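# Inside the fold
Listed below, chain by chain, are the residues.
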Amino acid sequence: MATCSVKLEECEVCGGRSAKYTCPKCEVRTCCLDCVKIHKKELDCDGIRDKTKFVPLKAFTDLDVLSDYRLLEEVGRSVDSFQRDPSKKYTRLGNLPVHLHKLKTAVHHRNTKLEFLPQNFSRHKINTTYYKWKTNELFWRIEWIFPQAENMKHNDNRVLETERLSTILGRVLDPLTIETEGSESIEVINLKIAYREKLQYYRAAGFNNIKVLLKAEKVKRCDSRFHELNLTETLNENLENKTIIEFPVFYVILKDHTDMYEIVDTDEEEASTEAEQTRGNLKRKHTNNQRVKKKNEGVPVNFFFDNDLTDSENESMEMVSKNKMYSNL
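A short tour of the structure in this document, coming up. Fair warning: this is a prediction, and the values are worked out from it, not measured in the lab.

Another point: the nonpolar core. In globular proteins that are soluble, nonpolar side chains generally tend to be buried together. Trp140, Trp144, Phe146, Tyr202, Val212 and Phe250 are the most contacted members of the largest nonpolar core, which totals 34 residues. Of all the elements in the fold, those that place two or more residues in this core are α5 (98-109), β5 (137-146), β6 (152-160), α7 (165-173), β7 (210-215) and β10 (249-254). Membership of the second largest hydrophobic core comes to eight residues, among which are Ile145, Phe247, Val249 and Tyr261.

Moving on, we come to the pattern of salt bridges. The final tally for this structure, using the stated rule, is ten salt bridges. Lys113 is the salt-bridge partner of Glu115, the closest N and O atoms lying 3.6 Å from each other. In this structure, Glu143 engages Lys153 in a salt bridge whose closest nitrogen and oxygen atoms are separated by 3.9 Å. Residue Glu143 is located in strand β5, and its partner Lys153 is located in strand β6; the two are separated by ten residues in the primary sequence. For Glu143, a relative accessible area of 11% gives the class buried. For Lys153, a relative accessible area of 55% translates into the label exposed.

Located in the positive-phi region is Asp44, a residue other than glycine, with phi close to 50 degrees. Tracing the sequence through the fold places Asp44 in the loop between α2 (33-43) and α3 (62-84). Under the relative-accessibility criterion, Asp44 is labelled exposed at 70%. The backbone of Asn151 shows a phi angle near 55 degrees, a positive value even though the residue is not glycine. You can see Asn151 is positioned in the loop between β5 and β6.

What follows deals with the packing of aromatic side chains. As enumerated under the stated definition, the model contains five aromatic pairs in all. On the basis of an interplanar angle of 80 degrees and a centroid distance of 5.4 Å, the ring pair of Phe226 and Tyr261 is categorised as edge-to-face. Here the residue Phe226 occupies a position in strand β8 (residues 225-228), and Tyr261 occupies one in the loop between β10 and β11 (262-263), the gap between them amounting to 35 residues. Exposure class is identical for Phe226 and Tyr261. Each is buried. By way of ring pairs, the aromatic residues Phe226, Tyr251 and Tyr261 are connected into one cluster.

This paragraph deals with the state of the cysteines. Following the criterion strictly, the structure yields zero disulfides and no others. Not part of a disulfide, Cys23 finds its nearest cysteine sulfur in Cys26, a span of 3.5 Å. Residue Cys23 is classed as buried on the basis of its relative accessible area of 7%. Here Cys35 is not disulfide-linked; the sulfur of Cys31 is the nearest cysteine sulfur, at 3.6 Å. You can call Cys35 buried: its relative accessible area is 5%.

Before going further, it helps to spend a moment on α5. Taking 1.5 Å of rise per residue, twelve residues should cover 16 Å, and α5 covers 17 Å from first to last C-alpha, within 8% of that figure. Inspection of α5 places Leu100, Leu103, Ala106 and Val107 among the buried residues, and these make up the whole buried set. The buried residues of α5 all sit within an arc of 125 degrees when viewed along its axis, so they share a single face. Along α5, the residues that are exposed and aim more than 90 degrees away from the buried face are Val98, His108 and His109. Structurally, α5 contributes buried residues whose contacts are with β3 (113-115), α6 (122-125), β4 (130-132) and β5. A positive backbone phi angle near 60 degrees is found at Asn111, which sits one or two residues after α5.

Calculation rules
- Residues numbered from 1 in each chain as written.
- Predicted model: local features only at pLDDT ≥ 70, side-chain atom pairs only at ≥ 80, totals over all residues.
- Heavy atoms only, no water.
- Core = buried A, V, L, I, M, F, W, Y, C linked by side-chain atoms within 4.5 Å.
- Buried < 20%, exposed > 50% of the residue type's maximum accessible area, 1.4 Å probe, protein only.
- Helix = DSSP H or I, 4+ residues; strand = E, 2+ residues; numbered from the N terminus.
- Salt bridge = Lys/Arg side-chain N within 4 Å of Asp/Glu carboxyl O.
- Phe/Tyr/Trp six-rings, centres within 6.5 Å; stacked < 30°, edge-to-face > 60°.
- Disulfide = S-S within 2.5 Å.
- Expected span 1.5 Å × (residues − 1).
- Arc of directions from axis to C-beta.
- Contact = heavy atoms within 4.5 Å.

So this is what it looks like as structure tokens:
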């Protein structure tokens, strides 16, 4: 068996030649480029030194101090560059723009909670949901995902809230039925035909064997949970008591694959809605109490005419007054 010193001198990959290189990350000793590539593939190593790797105090050297100092300098430069870049330091902590505030208010009146992401998020940039306040109409952007068609995606930019979900899905499954103004080019028609062929399993199954799920938000384990929607109801009715982040994402699945998805129960939805309302009421109550407390700060207290007495104090005062009345008689 080779000694420890011999192991350090030999290549740890082939073991046939003396080692020339040391990996900065996993400290594996190698002899050539081929052995370096083999060790990276087998150990899934990228060869980049881990600057935050723990070093015991006994093994701490001047080089480790210099490495930590350079890491802190690098972090400081990154923070400074982010602060100078307005697109990266921006967060929507203040008031919403007027059009977004109107949109959020209109959605709230329809018993749906709408949340917005910061301005630089790509999901916010592509959101085309629009509120037409003159006619009080809401147009949603919808993202459709078809898991049984290689997770193909389709986007509807503006869909009227009063349309039935089955009607909207019918247009998506068969785009050739959509009437367009003017003549379409051959390329557009060919794209629609190819798109239609990918969804042939869904059309063959029919609405009776299809389910539409909404990606759940603001619920426990929301990453893998969904709300089941009703195809016979309108888009507005399906989104009631739901939380939407920017725009709804619909998953169209076959009924045979329902077991693969975790559906949120109706009772759980109602419980989460009641809990959210309770939290909102408590928050408003706390805010009002803070305002009253701040308003009463600095106001002198008149202890002679203090009416904030307890029930026992009120009873004792009544007994004293009755005794005085009887004594006078």
